[in-house]
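An overview of the molecular structure
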Amino acid sequence: MSQRKLQQDIDKLLKRVREGLDDYEEVYAKFQATDAENGSYREKLEGDLKREIKKLQKHREQIKTWLAKDDCKDRAPLLLENRRAIEHGMERFKTVERLMKTKQFSKEALLNPDITRDPRELQKREQMQFVQRCIEQLHTQLERHEATQDSQQCARHEFHIAHLEHVLKLLQNDGIDPDTVAEFQEDISYYVDNNEEPDFVEYETVYQDMNVDLGKSTSTSQQAVDPTHRKREDKSPRKKQSTKSSVMSSPEKTTAAGIAMADSTEQERTPSKKRERDTPSLQQQQQQQQPDLQFPQDKSKEIQDSIAQDLASKRAFKNPLFNSELPFWLDTKNTLVQPHDEMPAQMAAQLESSLLNCPDSLDADSPYLYRKQLSLPHPTSIFFPNEPIRFVYTFETPGDHTSGDIYANTSLAKILTKFDLDTLFFIFYHYQGTYEQFLAARELSINRDWQFNKKDRCWYYKEIEKLPPGMNKSEEESWRYFDYKKSWLARRCNSDFVYNEADFEKL
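Residues numbered from 1 in each chain as written. Predicted model: local features only at pLDDT ≥ 70, side-chain atom pairs only at ≥ 80, totals over all residues. Heavy atoms only, no water.

Under the annotation held in an unreviewed UniProt entry, the protein carries the name NOT2/NOT3/NOT5 C-terminal domain-containing protein and is attributed to Huiozyma naganishii. Taken directly from UniProt, the Sequence similarities (unreviewed entry) text for the protein runs: "Belongs to the CNOT2/3/5 family." (UniProt positions renumbered as here; feature names shortened; annotations may be inferred.)

In structure tokens:
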């Protein structure tokens, strides 16, 4: 194999590894967000994780083969990084598999309750252990600095220990999200591990950004003790360690605080009499700015003269065909130009009718068209939708049937494309003889590539997995079927399964 061909194969495999890891992370995130009581859905996600990790394991074997070759030394770091990412996913899948195999009240679960704990609780526990380790390390460093009588380092460590103990207490009481602690985990570790380095730059506002700051007094005291407190444009020292810091001595900072306090004290001492004198002047200015509102002058005589002049000068008013209607139209000029002293009853009724029939915010929503419910109302969990889906009809040009199926353009068929497999199988097996069952079967066969067996009434799916280069075959074919009788899961067929085209329905 030429070196160029080898590099191309490596690039293709690494691309498939990235795509596979993205798919794995997406399913793993769904598994973590799913309630532990929703066992059937978690089993489905476990199967999806197993399928994704098997693909990644095949890529891992190929990566191991390439790492053993001398002609891949230049790509060894990248290959090793992808291999470790796959192995990290394998370890997480083993945790999920052990979690799913252990029943809630089994002997193993009672002896070790951490096994059946929810993933969110496991993440919370990991962050608590991390914070506890940081506190212990800082206590060890603090004892060493106390022995050398380094007051500056002691003050800094006491500041961080107090805040980390506060973070630990918040984690125990669910007062802070573990994701927030995980976001700043590297910044905290950076201080614990590198605070004695000569080029160390401290992240000053890490606890303020985490919203766990104990108060301005603590930070102010720390700044007063630390004479070499630095300011950085970039907050995280991990991203910018070579930033030139401006050094401010403690006498200058005490001066700055005194100026600020003096300004605030001067504002508080402003005499109340002065404010009382300013208030009338402001009111007078506002009164001067407001114009005097006066009722319009009576222009009835001017309007009548204008109407009489129009009747005498306009030729249209002398036409017998319009002689009876046009004068009435001219009388409306009086109402438009001269306001009423009192609103007429007819105008008031028209305004009231307009107010009662004005558009509402609900008028902006799409119209709700009644359709027969698929099932009777039943109490469900809060994360299930509690309102029926609104059917939105789309009108297309005649003859525009891109899929070749007249049902593809119906709104219900388009909505079924967003359902998962569990929902489609539920509609197919529990709503026999309905239009919805037909559309579910159409969606499974046409858009999802499932095939219905007429003998055992099960749905089958053909899987084709691409094998990495260098193996005897380029593809591996396997079949899965949906077990609707016992487990309500998609299971892999035995090796003795033989596909017979005559046994399958052609939809």
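Right, picking up where we left off after that structure.
It is worth spelling out the overall build of the protein at this point. A tally of helices and strands in the protein yields 18 helices and four strands. The buried share among the 507 residues of the protein stands at 28%. Taking the contacts inside the protein whose residues are at least 6 apart along the sequence as the reference set, 59% of them involve residues at least 24 apart. Here the protein displays about 35700 Å² of accessible surface, and carbon together with sulfur accounts for 51% of that area. (Helix = DSSP H or I, 4+ residues; strand = E, 2+ residues; numbered from the N terminus. Buried < 20%, exposed > 50% of the residue type's maximum accessible area, 1.4 Å probe, protein only. Contact = heavy atoms within 4.5 Å. Areas by Shrake-Rupley, 256 points an atom, 1.4 Å probe, with all protein chains shown as cover.)

Our next topic: the environment of Phe-200. Locating Phe-200 in the fold gives a position in the loop between α8 (185-194) and α9 (206-209). Residues Phe-200 and Tyr-190, spaced 10 residues apart in sequence, show a C-alpha to C-alpha distance of 9.1 Å.

Okay, unusual backbone geometry next. Of note in this structure, Gln-149 is not a glycine but carries a positive phi near 55°. Residue placement: Gln-149 occurs in the loop between α5 (119-147) and α6 (151-172). Look at Asp-449: it is not a glycine, yet its phi comes out positive at around 65°. Along the polypeptide, Asp-449 turns up in the loop between α18 (435-447) and β1 (450-452).

With that settled, consider a negative patch on the surface. The grouping of Glu-19, Asp-22, Asp-23 and Glu-26 at the surface amounts to a negative patch. Looking at the secondary structure, you find Glu-19 in helix α1 (residues 3-33). (Patch = residues over 30% accessible without salt bridge, like charges linked within 9 Å, V, L, I, M, F, W, Y side chains within 5 Å. Salt bridge = Lys/Arg side-chain N within 4 Å of Asp/Glu carboxyl O. Lys, Arg positive; Asp, Glu negative; His and termini not counted. Charge placed at Lys NZ, Arg CZ, Asp CG, Glu CD.)

Let's shift gears to the nonpolar core. With 26 residues, the main nonpolar core has Val-131, Leu-164, Val-167, Val-181, Ile-188 and Met-210 as its most contacted residues. Of all the elements in the fold, those that place two or more residues in this core are α5, α6, α8 and α9. Of all the elements, α6 adds the most residues to this core, at seven residues. Apart from the residues lying within four places of it in its own chain, the contact partners of Val-167 are Val-131, Ile-176, Val-181, Met-210 and Val-212. (Core = buried A, V, L, I, M, F, W, Y, C linked by side-chain atoms within 4.5 Å.)

If you walk through the whole model with that rule in mind, you get 23 aromatic pairs. Centre to centre, the rings of Phe-482 and Trp-488 are 5.0 Å apart; their planes meet at 80°, and the pair counts as edge-to-face. Using a relative accessible area of 2% as the deciding quantity, one classes Phe-482 as buried. Taking NZ or CZ as reference, Arg-42 lies 4.4 Å from the ring centre of Phe-31, over its face. Just above the ring of Tyr-28 sits the side chain of Arg-92; from NZ or CZ to the centre is 4.5 Å. (Phe/Tyr/Trp six-rings, centres within 6.5 Å; stacked < 30°, edge-to-face > 60°. Lys NZ or Arg CZ within 6 Å of the ring centre and 35° of its normal.)

As a further point, take the side chain of Glu-443. Relative to the helices and strands, Glu-443 is located in helix α18. Setting aside chain neighbours within four positions, we find Glu-443 in contact with Ala-413, Leu-416, Thr-417, Leu-424 and Arg-448.

Turning our attention to the confidence of the model for the protein. Residue-level pLDDT values for the protein average 75, and 72% of them are 70 or greater. Counting interchain partners and residues more than four positions distant, the pLDDT-below-50 stretch residues 216-234 has 50 contacts. Low confidence marks residues 255-279, where pLDDT is under 50. Its contacts with residues over four positions away, or in another chain, come to one contact. (pLDDT = per-residue confidence, 0-100.)

We now examine empty space enclosed by the protein. According to the stated counting rule, one finds one cavity of 30 Å³ or more in the structure shown. When its volume is computed, the largest cavity comes out at roughly 100 Å³. For the lining of the largest cavity, the secondary structure elements donating two or more residues are α6, α8 and α9. Considered class by class, the residues forming the lining of the largest cavity number 11 nonpolar, one polar and two charged. (1 Å grid on protein atoms, 1.4 Å probe; cavity = no way out; pocket = protein on both sides within 12 Å on 5 of 7 lines; lining within 4 Å. Points joined across faces, edges and corners; volume = space filled by probe spheres on them. Nonpolar A, V, L, I, M, F, W, Y, C, P; charged D, E, K, R; others polar.)

Between helix α17 (residues 421-430) and α18, the least distance of the axes is 8 Å, while the angle of their chain directions is 140°. Viewed along their axes, α17 and α18 adopt a mutual orientation that is oblique. As α17 packs across α18, the resulting crossing turns out to be left-handed. Packed against α17, whose contacting residues are Leu-421, Leu-424, Phe-425, Ile-427 and Phe-428, the element α18 presents Glu-436, Gln-437, Ala-440, Ala-441, Glu-443 and Leu-444 at the interface. In the contact of α17 with α18, the residues fall into eight nonpolar, one polar and two charged. (Axes fitted to C-alpha atoms, helices over the stretch in contact; angles between N-to-C directions. Parallel < 35°, antiparallel > 145°, perpendicular 65-115°, else oblique. Left-handed = near helix turned anticlockwise from the far one by under 90°.)

What follows is about the environment of Val-337. Mapped onto the fold, Val-337 is located in helix α14 (residues 326-337). Val-337 sits in the partly exposed class, given a relative accessible area of 43%. Expressed as a C-alpha distance, the spacing of Val-337 and Lys-299, which sit 38 residues apart in the sequence, is 8.1 Å.

Right, let's get into the layout of surface pockets. As a volume, the second largest pocket reaches approximately 1200 Å³. Along the wall of the second largest pocket there are 35 residues; nearest its centre are Lys-44, Gly-47, Asp-48, Arg-51 and Arg-480. Listed by contribution, the elements that provide at least two residues to the lining of the second largest pocket are α1, α2 (39-67), α3 (76-101), α17, β2 (459-466), β3 (475-483) and β4 (489-492). It is α2 that provides the largest number of residues to the lining of the second largest pocket, a total of 12 residues. Considering only residue class, the lining of the second largest pocket consists of 13 nonpolar, one polar and 21 charged. Both domains that meet at the lining of the second largest pocket, namely domain 1 (3-109) and domain 3 (411-503), each give it at least three residues. (Domains from an automatic or database assignment.)

Note: β1 against β2, three bridges, orientation antiparallel. Within β2, the residue paired with Gln-451 across the bridge is Tyr-460. The turn joining β1 and β2, which pair antiparallel and follow one another in sequence, is formed by six residues; a positive phi near 55° is taken by Arg-457. In this structure, β2 lies alongside β3, joined through seven bridges in antiparallel fashion. If you follow Tyr-460 over to β3, its bridge partner there is Tyr-481. (Pairing = 2+ DSSP bridges.)

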